[in-house]
Protein chains: 2
Amino acid sequence: MAPDLLSRLRARNWRLSSQRRVVAEVFVGDHVHLTAEGVHQRARKSLPEISRATVYNTLNELVAMGELLELDVIDGPKRYDPNVGDEHDHLVCDSCHAIRDVPRSRKPSMIPEGTRAGYVVTGVEITYRGLCPECAERRSRNR
Amino acid sequence: MAPDLLSRLRARNWRLSSQRRVVAEVFVGDHVHLTAEGVHQRARKSLPEISRATVYNTLNELVAMGELLELDVIDGPKRYDPNVGDEHDHLVCDSCHAIRDVPRSRKPSMIPEGTRAGYVVTGVEITYRGLCPECAERRSRNR
DNA sequence: TTTACTGCAAACCGTTTGCAGTTCC
DNA sequence: GGAACTGCAAACGGTTTGCAGTAAA
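These numbers were taken from a predicted model, which means no experiment stands behind them. Every chain is numbered on its own, with residues counted from 1 as its sequence reads. The naming scheme follows written order: chains are lettered A onward, ligands numbered 1 onward. Given that this is a predicted model, residues contribute local features only at a pLDDT of at least 70 and side-chain atom pairs are listed and counted only at 80 or more, while totals for whole chains, interfaces and linings are drawn from all residues. Heavy atoms throughout the structure, all of them, feed into the side-chain values; hydrogens and water do not.

**Regarding the overall build of chain A**
Here is step 1 of the chain: Helix and strand content of chain A: five helices and six strands.
Here is step 2 of the chain: Numbering of helices and strands runs from the N terminus, with a helix taken as a DSSP run of H or I at least four residues long and a strand as a DSSP run of E at least two residues long. Ordered by position in the sequence, the α and β elements of chain A form the string α-α-β-α-α-β-β-β-β-β-α.
Here is step 3 of the chain: Overall, chain A is about 50 × 50 × 30 Å in size when its C-alpha atoms are taken along their principal axes.
Here is step 4 of the chain: Accessibility here uses a 1.4 Å probe with only protein chains present; expressed as a share of the type maximum, an area under 20% marks a residue as buried, one over 50% as exposed, and anything in between as partly exposed. Looking at chain A as a whole, 38% of its 143 residues qualify as buried.
Here is step 5 of the chain: Whether two residues are in contact is decided by their heavy atoms: any pair within 4.5 Å suffices. The contacts of chain A with a sequence gap of at least 6 include a subset with a gap of at least 24, amounting to 45%.
Here is step 6 of the chain: Shrake-Rupley sampling with a 1.4 Å probe provides the accessible areas, and residues are treated as covered by the protein chains on show and by no other component. With the model as given, the accessible surface of chain A reaches about 8200 Å², and the carbon-plus-sulfur share is 48%.
Here is step 7 of the chain: When charges are counted, neither His nor the chain ends are considered; positive counts come from Lys and Arg and negative counts from Asp and Glu. Charged groups are reduced to one reference atom each: NZ for lysine, CZ for arginine, CG for aspartic acid, CD for glutamic acid. Taking the average location of the 22 positive side-chain charges in chain A and that of its 20 negative ones, the two points are 2 Å from each other.

**Regarding the interface of chain A and chain B**
Here is step 1 of the chain: Contacts between chain A and chain B engage 39 residues on the former and 39 residues on the latter.
Here is step 2 of the chain: For this document, the term salt bridge refers to a Lys or Arg side-chain nitrogen within 4 Å of an Asp or Glu carboxyl oxygen. Our enumeration of links across chain A and chain B arrives at two salt bridges.
Here is step 3 of the chain: The partner of E125 of chain B in a salt bridge is R129 of chain A, and the shortest N-O contact between them spans 2.7 Å.
Here is step 4 of the chain: Side-chain atoms alone can form a polar contact between residues adjacent in sequence; in general such a contact is a pair of N or O atoms within 3.5 Å, and within protein one must be able to donate a hydrogen while the other accepts it. In this structure, the connection of chain A to chain B is made through ten residue pairs in polar contact (both at pLDDT 80 or more).
Here is step 5 of the chain: Of all elements in the fold, only β4 (88-93), β5 (99-103), β6 (120-131) and α5 (133-141) of chain A reach the threshold of two or more residues within the side of chain A that touches chain B.
Here is step 6 of the chain: Examining the composition of the side of chain A that touches chain B, we find that twelve residues originate from one element, β6 of chain A, more than from any other.
Here is step 7 of the chain: Classifying every residue of the side of chain A that touches chain B by side-chain character gives 21 nonpolar, eight polar and ten charged.
Here is step 8 of the chain: Pairing between strands requires that DSSP locate at least two bridges from one strand to the other. Relative to strand β6 (residues 120-131) of chain B, β6 of chain A is paired through eleven bridges, and the arrangement is antiparallel. The residue bridging Y128 of chain A from the neighbouring strand is V124 of chain B, located in β6 of chain B. Charged residues are taken to be Asp, Glu, Lys and Arg, nonpolar residues to be Ala, Val, Leu, Ile, Met, Phe, Trp, Tyr, Cys and Pro, and polar residues to be all remaining types, Gly included.

Structure representation (structure tokens):
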């Protein structure tokens, strides 16, 4: 198993302030998809004085370092995904906007040569849309 | 071939003001991916007094009617895609942010039953990331 | 004539920034 | 000691909204 976020950051000689540590800790061992605001709230529990600006700065750095993924799969604020280890896709509930990671089962089919328009393709993102069990259930009841 | 946007709107008895017509006309026969601001600029060429608010209102209605697709594949302002007829994916240049539609070659692979977490899956979005020919060329030159 | 759209400006939300002060190494 | 980080508050960009006026049907 890959070392956790904090050890990876230490290994990179990342200047480790209490604020940064607290932000990183929000993500350890957790596969949630928090907004910056959500991260701020959780971070405040351990460090009440941490400012919103610092949370944003830190999140942006972690993204730039490749330690967090920025998700823009639902509108509203961006979400941050700590699951950078294995390639995965996202399953989004159109009703309550819950997001789940789903492992990428097989290689996604490449674009046919002819329609590639000369682009060099380096990655693929796949988002499945639908209804989570709760919302699907609620819908069928209210019909 | 499917009737164009304007005829479809007429067929729906959409109350047709000059502003709305002008916004709709921006999209006819064109497969570009404009921002609201871009739509406003083009609309102004035919109707200089049209306001930003009206452009936003109109775009939102067209999206709600299913006559435009809202794209959030690059950060910054949303893009609007008039190509609602055929299922397609998007090819995005990571450098200049150009977007191209690509026809969906074959059915995307479904999520394996086991990892579906009880979701009812109703759609899939696929975004290919890479470099457009110009940016790829420029990069290899400046190396 | 009535209903619904438009324009303006102000408000809004999420995010970034400038700067003075503080902390880490 | 010095570079790098933090907090504040103000600014930002994109979008929405309330309301008085106007235009489509």
